Every structure is written in structure tokens, then in C-alpha cells.
Amino acid sequence: TGLPFIKIKEALLQNENNPEKAKTWLLEMAEQQNWSKAQKLSSRATAQGLVGIFSGSDFVSMVSVQCETDFVSKNSKFVDLVHQSSLALQTSKINGILSPENGLSSLYNHQKVSDLVLAAVGSLGENIQPKSFYIHKLQSGNQTYASYVHRRSNNEHDDFILGAIGSAVVFEDLQDAALGTTIAQHIAGSDSTADLLAQPLLQDESVTVGQLCKEHNFRIVDHCRMCANET
């Protein structure tokens, strides 16, 4: 359980030395304590955090999770929370931006994201707030995606990237992956994703995003941008 021996002993005494009942009792107590701590911390400002993007074989998912300090944002437990939250979104039946309710109710190893957050709050002692959730499951064989993060952070998870700002873009009929990365970088670097096709490309302002798509015969199906410290 990772809990002190004295807590395990207390749980066994409370449950007639039955290990399974003691484990259930411990988990319930831990959840109650984490919820209480989360309530007390909920008014504290969350000015730091990370955007995480997971690259699946047939989907791309992205989450933004905020915390109070840069120190916690670099903690492996916080990184794990962002990673697990991004993976959990593949259980969603929705394509696109998810509501907070849908995102928090997504499951990772049979646990809701909301429960993972409570556990992280209990462990790290900071206000932690998932802000945004996005997933796109590819609909056909000619769909692909690209993703990009700005101010990239290191992590130990495969097919997963972390940063301060992230973008994910879904394409149809894209043949050149480098062009996809170029557009993902453009979206991450833009203040707005409105009227994307009309925007001059950040890497070459003589060309708009729409002109680039037309010249190379592909189209943008969907896109999303997240910033970790957005209010």
C-alpha cells in the first residue's frame, strides 16, 4: 500500500485482521483524506503545470493540468498524472474537446481521472487542476496526425511528450509528415487558432496555412492548442 506500518496495523485491528477488508478500509480512508485536502487547497492559485500529448497508433490525446509551483510540475508523480490522464481519454466516446466532466470521468486502469487527481493532491500537497482535455481517434486510413510541444520537458514515457504549450492537428491525405509538424508548430506558436487557414505561416509569412494545404493536396480535419498556465 505504501502506507506506514502503524496505519496498516490500525486497519487490521479495525477489520478483524482481514487483509482484504483492511485494504478496502485503507483506500476509503485515503480517499476521504485526499478529498478533504483537495477542498482546503482548491482556492489556491495554479500558475504552473504541463501540457501532455500521447501518440497512439490510431489516436492522439492531449491534456493540460495545472499546479501551484514549478517544483511540483517537475515531480515524477505529477508527470505520471498528466501521462495517465492523457491515456485515459482513449476510453471516451467523444472526438474533440471534452468537457471537464467527460475528461475527469475517463478511466485509466479502472480509475477515474478525478480519483487520480485526488491521489496526486494527497501525495504532493498542492492544488492540482486539470484544465483541458482533447482526443481525436482517426476515422479512416487516410487520416494522420501531428503534435508539438513548446518548452519541452523530459519524461520516461514512450510516445508521450510534455511542455508548456502543446498542439495536435489531424490531417486527411497528408503525404509529408514534415509539413504536419510545421503546421503543429505554427498552431503552438500562435495566439489564436481562429481562422487557421487564413493565417500566414509563422515559419514563412509569404504563405498562409490554407495555401500550404492546397499546394500539397491535404486538408486539416481538426486541431487543438493548449497552454499550461492559461486561466
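Note that this is a predicted model, so its numbers are computed, not measured. (Residues numbered from 1 in each chain as written. Predicted model: local features only at pLDDT ≥ 70, side-chain atom pairs only at ≥ 80, totals over all residues. Heavy atoms only, no water.)

A. Main features of the overall build of the protein chain. A tally of regular secondary structure across the protein chain gives eight helices and twelve strands. For the protein chain, buried positions account for 43% of its 231 residues. Partitioning the contacts of the protein chain with sequence separation of at least 6, the portion at a separation of at least 24 is 62%. For the protein chain, the accessible surface area stands at approximately 12,700 Å², while carbon and sulfur atoms represent 49% of it. (Helix = DSSP H or I, 4+ residues; strand = E, 2+ residues; numbered from the N terminus. Buried < 20%, exposed > 50% of the residue type's maximum accessible area, 1.4 Å probe, protein only. Contact = heavy atoms within 4.5 Å. Areas by Shrake-Rupley, 256 points an atom, 1.4 Å probe, with all protein chains shown as cover.)

B. Seen up close, the pairing of strand β8 (residues 160-163). Covered by surrounding structure in β8 are F160 and L162 together with I161 and G163, the residues of both alternating faces. When strand β1 (residues 48-55) meets β8, the two strands line up antiparallel, connected through four bridges. If you follow I53 over to β8, its bridge partner there is I161. (Pairing = 2+ DSSP bridges.)

C. Up close: the layout of surface pockets. In this structure, the second largest pocket encloses a volume near 400 Å³. Taken together, 23 residues line the second largest pocket, and the ones lying closest to its centre are G49, L50, S73, K74 and S153. Going through the elements one at a time, β1, α3 (70-73), α4 (76-88) and β8 are the ones with two or more residues in the lining of the second largest pocket. (1 Å grid on protein atoms, 1.4 Å probe; cavity = no way out; pocket = protein on both sides within 12 Å on 5 of 7 lines; lining within 4 Å. Points joined across faces, edges and corners; volume = space filled by probe spheres on them.)

D. Spatial organisation of the packing of aromatic side chains. The tally for this structure, following the rule as stated, stands at two aromatic pairs. Centre to centre, the rings of F54 and F59 are 5.8 Å apart; their planes meet at 25 degrees, and the pair counts as stacked. Pair check on accessibility: F54 and F59 agree, each one buried. Pairing F171 with F218 gives two aromatic rings, centres 5.6 Å apart and planes at 80 degrees, and the pair type is edge-to-face. Placement of the pair is F171 in strand β9 (residues 165-172) and F218 in the loop between α8 (209-215) and β12 (219-227), with a sequence separation of 47 residues. Exposure class is identical for F171 and F218. Each is buried. (Phe/Tyr/Trp six-rings, centres within 6.5 Å; stacked < 30°, edge-to-face > 60°.)

E. Summary view of the side chain of Q143. Within the secondary structure, Q143 is located in strand β7 (residues 143-150). By relative accessible area, Q143 is classed as buried at 7%. A polar side-chain atom of Q143 sits 2.9 Å from the main-chain amide nitrogen of Q139. Ignoring any residue separated from it by four or fewer positions in sequence, one finds Q143 in contact with H136, L138, V170, F171, E172 and V221. (Polar contact = N/O pair within 3.5 Å; in protein donor to acceptor, adjacent residues only side chain to side chain.)

F. Spatial organisation of the nonpolar core. Core analysis: the biggest nonpolar cluster contains 27 residues, and V65, F78, L81, V82 and I128 have the highest contact counts within it. Going through the elements one at a time, β1, β2 (59-67), α4, α6 (113-124), β6 (129-137) and β8 are the ones with two or more residues in this core. For F78, the residues in contact, after removing those within four places along its chain, are G49, L50, V65, Q66, C67, V72, S73, L124 and I128. Formed by 16 residues, the second largest nonpolar core is a distinct cluster that contains L179, L196, C213 and I220. (Core = buried A, V, L, I, M, F, W, Y, C linked by side-chain atoms within 4.5 Å.)

G. Local environment of the environment of C227. Turning to its location among the elements, C227 is positioned in strand β12. When residues no more than four places from it in sequence are discounted, the contact partners of C227 are V51, S64, A164 and I165.

H. Spotlight on helix α7 (residues 177-189). For α7, which comprises 13 residues, the first-to-last C-alpha distance of 19 Å matches the rise-based estimate of 18 Å (1.5 Å per residue) to within 8%. What α7 keeps buried is the set L179, G180, T182, I183, A184, H186, I187 and A188. Looking at the packing, one finds that the buried side of α7 touches β7, β9, β10 (200-201), α8 and β12. Of the residues that open α7, the one with a side-chain oxygen 3.0 Å from the backbone nitrogen of A178 is D176. (Expected span 1.5 Å × (residues − 1).)

I. Looking closely at the pattern of salt bridges. Evaluation of the coordinates by the stated rule reveals three salt bridges. Between E68 and R44 there is a salt bridge, and its shortest N-O distance comes to 3.0 Å. On the criterion of sequence distance, the pair formed by E68 in the loop between β2 and α3 and R44 in the loop between α2 (19-41) and β1 is long-range, its members being 24 residues apart. Residue classification places E68 among the buried positions, given a relative accessible area of 17%. E172 serves as the salt-bridge partner of R219, at 2.9 Å between the closest nitrogen and oxygen. Linking R219 in strand β12 with E172 in strand β9, this pair joins segments that are 47 residues apart in sequence. Among the residues examined, R219 registers a relative accessible area of 44% and is labelled partly exposed. (Salt bridge = Lys/Arg side-chain N within 4 Å of Asp/Glu carboxyl O.)

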